[in-house]
Amino acid sequence: MDAYRAAPVAHGERAVRFTGNWREYLPIAATNALLIVCTLGVYRFWASARQRRYLWSRTEFIDDSLEWTGTGKEMFLGFLIVIAVLAPFFLFIQLLFPALVARGKIDAAGGIMFLFYIALIYLGGFARFRALRYRLSRTWWHGIRGGSDDPGWNYGGEYLGRIALSAMSLFIVYPWAATRLWNSRWKAMSFGPLQFRANLTAEGLKLRWALVYFVPIAAMALGALVLFSILGLSDRQLGSGPMAGLGIIFVALILLFYVAIPLMTLNWYAKYYREAAAATSLGELEFGFDATTMQWLGLFLGNLALAIVTFGFGLTYWGYRNWAFMVRHLHVYGTIDVSDLTQSTTHAPREAEGFADAFDIGAI
Amino acid sequence: MARLYDGVTAHPHNVQASARAGALELSQDDGWSDSIDAALLKRLDGGKRELRLGRTDRPGWRLVLPADAAAELQPLLGREARYGHWIDRVGLVPALIAGAAITASVLAIGYLAPHWLAPHVPMSWERNVGRAIVGDFGDLRCRDPKGQRALEALVDRVAPGSRGGPNGMKVAALDVSVFNAAALPGGYIVVFKPAITETDPEALAGVLAHEVAHVRRRHVTEALIRELGIGALIRLFAGNVGANAEQIVSLSYTRDNEAQADSDAIAMLKRAHISPAPTAELFKRLSTETPQFSAEFLQSHPLTSKRARKFTAAVDPHARYEPALGRADADALFDICTKT
C-alpha cells in the first residue's frame, strides 16, 4: 500500500522530472546578479541558497518535489569559520616561502611547498565529502532528509592516498582511484534510515581512460606525419608557400592537442557518470544516468554561448542549466516504502560548505 | 484536501485545513484534529501549483495545499521569505541602493586609505617586515665587492645621502635572469642581472632613481597595506566581481604612483647631470621587444610609449650631461654577478 513505484508508471513518464522554466527563474537570476554586484560578492551565499531552493522545488521525485532548506546565512557563517581557520595557515606559508627563498634555502622552501600541497589535497577531498553530506542533510523529500554520520576526516586521508598513488603512476590508475572514492563517499551517505550503496568498478572505464592518453598523442603523431610530408615537399620546391603552410600546421597541431584532451576527458566523464549512477542504489531504488558525451558537450558549449551572447549575464543561468541537465538525464527505478522511510537520525552539519566553498569545489 | 507529512515517516496523510482565530486547524475524517499557532508556521517555496507550509518547531513537518488555498490561509502566513532575511527586512530596492553605496565607499576607502596611512607607518616596522621577507637573499645575491661599491655609487649619484642613517636604503643585485628592478619593504632596492648587463649605467641610473622614488614616497608601504588590507578583504568574498573591482583599484593606484616616481626620477637625473635619454631608450626598447624579455618588468611597471616620451621630453639640449659612472666603476658593475 505504501510502496511507491519509482519505475515508469505510465509509458513515457519518468520518476524524476524537472518542471522549472527559464522565464520563471529569470527574476531570481536577475536579482541575484544585482545583489551580488552591489554587495561586493557577499550576497553570493544567499544567491546560491535561493537558486537551490528554486531548483529543488522544481524537481519532482515520483509524486512530490524536493525541498532545499539550506540558508545563505549558514553558508556565509560556514565560509567565515573556514577562512578563520585557513587564513593564518595561508598567511604563514605566504610569508615563510619567500623568506626561505630570499635566504637561498630553496630545499626548505620546496619542502614547505610540498607539505602545503599535500595538506591542500587532503582538505580538497575532505571538502568534497563535507559538501555532499551538507547537501544531503538540507535536501528533503516527503518531510524526510538525508545526511551522514561520518565526519569525513578518514575520507580526506583516503582521497590523499589514492590521488597520490595515481599521481605516482602518472594517473594511469586514476579510474581505480576515482571509482573507489565514489564508492567510499556514497556508502557513507544515507537518506532517512536507508544507507546508500555503491559498487562502481573501473572495469568498463579503462578503455575511455586509455583514450584520454592516446588520442591526443595519436592526433599529434598524425599531424606530425602531415608536417613532415610538407617538409619533404619544401625541400624540392623552394618558396614561401610551404613555409606559410608549416606555420598553419603547427598551430593546428597545438589546437588539435588542446581540443583532444578536454574532448577525451569529457568522453571519460560521460561514461563515468553513467556507470557511477548505475552502480549506486538506495534501499530498493536503483539509479541510472543517460547523458552522452555529445550531450555533455552540448551543455558546456551552450553555457559558453549563452554567456557570450548575453555579455556575461548568462553566467547566472549556468547553475540552472547544469541542474536541469542532471535531472533530465537521471533515472530512478524500483520501489520505495514511504512508511519505512523514517526520519534521518544523522547529525545535521552546521558548517555548511565552507571548505568546499573555500576551495571552489562544486558546480551548483 | 491537503497532504500532511509529519516529519517522522515519509507517509503522507490526507487532512482538511482551515484558518480559525490565528491558528491553522487540521482535521481528518477519522476524528483526528490539530491546531497550530500561526506564529509557528512558515511559508516555503511550493511553485505555482502548490502552497507549502512548514513549522519552525518541527523539522520535516510539511503541509502541502493547492495553490488556491493561499487566499483563505493568507492571514496566517505572513510574508514569504525571498531574498534572505536581511534584505527582506528593508526591501530589495533600498537594499540595492544601500549596498551600492557601501560598496562604493569600501572601494573608495580601499583606494585612499593606504595612501593616507602609509606615511604614518613607522619606518622601523617596515624594516622588520622587509628583513623578514628579504633576509640576505642567500645565494641569489651578487656579492662582488667592487661591483657592489659601483652599484652603491650609482645610487649615491642619483640620490645623494639616501643610503645613510638607520633607515637608509639598501641596494642589491640578484643573479636572476629576468629583466626587473623593484623596491621592497624596508627600503630594499633590488636589481636583477639583465637590468645591469643589458643596459648602460645611465639607463640603470634612471631605473634606480625610479625605485628610490617609490621608497621615498612610501609607495611600497602603500602597496603593502593595500595587499594585506583591502586586497585580502575583497578577495575573500571575491567571486569575479571582487577580483575585477580590486584590479580596477590597484591598476589606477599603480599608474598614479608610477607617474609620480617617473617625475621624481627625471628630477633626480637632472640634479645628477645624467641624461634621461638612455632611460627613454630603454623603455622604448622594452615596450617593443619580445614579451618574454620584459614581461616581468612590464607587470610591475606598465610601460607605455607615453612614459618613454616623458623621459625623452626631459632631455635638455643645452645641458652638459656627464657619464653616470667612471670607466672602472662601470666595468665592475657589469661584472657584479660574474665573480663570486
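Worth saying up front: this structure is predicted, and the values here are computed from it rather than measured.

Chemist: I'm lost on the sheet that holds strand β9 (residues 194–198) of chain A in this one. Help?
Modeler: Where strands meet in a sheet, backbone hydrogen bonds hold them as pairs that are either parallel or antiparallel. Residues and elements named next belong to chain A. An order of β5-β6-β7-β8-β9-β10-β11-β12 is seen for the eight strands of this open sheet, with the pairing classed as antiparallel. Each edge of the open sheet is held by one strand with a lone partner, namely β5 (67–68) and β12 (330–333). Relative to strand β8 (residues 190–191), strand β7 (residues 144–147) runs antiparallel, the two sharing two bridges. Note on β8: the bridge partner recorded for G147 is S190.

Chemist: Can you walk me through the interface of chain A and chain B in this structure?
Modeler: When the parts of a complex come together, some accessible area is lost, and that lost area is often taken as the interface size. Listed by partner, the interface residues are 38 residues for chain A and 40 residues for chain B. When residues of the side of chain A that touches chain B are traced back to their parent elements, those giving at least two are α1 (22–38), α2 (44–57), α3 (72–102) and β7 of chain A. Broken down by class, the residue content of the side of chain A that touches chain B amounts to 18 nonpolar, 12 polar and eight charged.

Chemist: Could you clarify how one ought to interpret the sheet that holds strand β5 (residues 41–44) of chain B in this entry?
Modeler: All names here are of chain B. Across the sheet, which stays open at both edges, the seven strands sit in the order β4-β3-β2-β1-β7-β6-β5 with antiparallel pairing between neighbours. Lying at the two open borders of the sheet, with one neighbouring strand each, are β4 (33–37) and β5. Averaged over all neighbouring strand pairs, the angle between strand axes comes to 30°, with direction disregarded. As defined by bridge partners, strand β6 (residues 50–55) adjoins strand β7 (residues 62–66) across five bridges and the pair is classed as antiparallel. Within the sheet, the bridge partner assigned to E50 lies in β7 and is P66.

Chemist: Whenever I open this one, the pairing of β6 of chain B confuses me. Can you help?
Modeler: The side chains of a regular strand alternate, residue by residue, between the two faces of the sheet. All names here are of chain B. In the sheet, β5 pairs with β6 via four bridges, with the strands oriented antiparallel. Each bridged residue has a counterpart across the sheet, and for K42 the counterpart in β6 is G54. Counted between consecutive antiparallel strands, the loop separating β5 from β6 contains five residues, among which G47 sits at a positive phi close to 75°. Linkage of β6 to β7, two consecutive antiparallel strands, is achieved through a turn of six residues, within which G60 is found at a positive phi near 90°.

Chemist: Would you mind going over unusual backbone geometry with me for this structure?
Modeler: Glycine aside, residues mostly have negative phi, and peptide bonds are mostly found in the trans state. Residues and elements named next belong to chain A. Of note in the backbone geometry, H142 takes a positive phi value of approximately 55° without being a glycine. Tracing the backbone shows H142 in the loop between β6 (139–141) and β7. Overall, the presence of 26 C-beta atoms within 10 Å leaves H142 in the buried class. For F311, which is not glycine, the phi torsion reads 55° and is therefore positive.

Chemist: Would you take a moment to explain the packing of α2 of chain A against α3 of chain A for this structure?
Modeler: Two numbers describe a pair of packed helices, the interaxial angle and the distance between the axes. Residue and element names in this part refer to chain A. Relative to each other, α2 and α3 sit at 140°, their axes nearing to 8 Å. What the angle tells us is that α2 and α3 run oblique. Two packed elements cross with a definite hand, and for α2 against α3 that hand is right-handed. From α2, F45, W46, S48 and A49 reach across to α3, where they touch G72, M75, F76 and F79.

Definitions and limits used
Residues numbered from 1 in each chain as written. Chains lettered and ligands numbered in written order. Predicted model: local features only at pLDDT ≥ 70, side-chain atom pairs only at ≥ 80, totals over all residues. Pairing = 2+ DSSP bridges. Helix = DSSP H or I, 4+ residues; strand = E, 2+ residues; numbered from the N terminus. Contact = placed C-beta atoms within 7 Å. Nonpolar A, V, L, I, M, F, W, Y, C, P; charged D, E, K, R; others polar. Axes fitted to C-alpha atoms, helices over the stretch in contact; angles between N-to-C directions. Buried ≥ 20, exposed ≤ 12 C-beta atoms within 10 Å, placed from the backbone. Parallel < 35°, antiparallel > 145°, perpendicular 65-115°, else oblique. Left-handed = near helix turned anticlockwise from the far one by under 90°.

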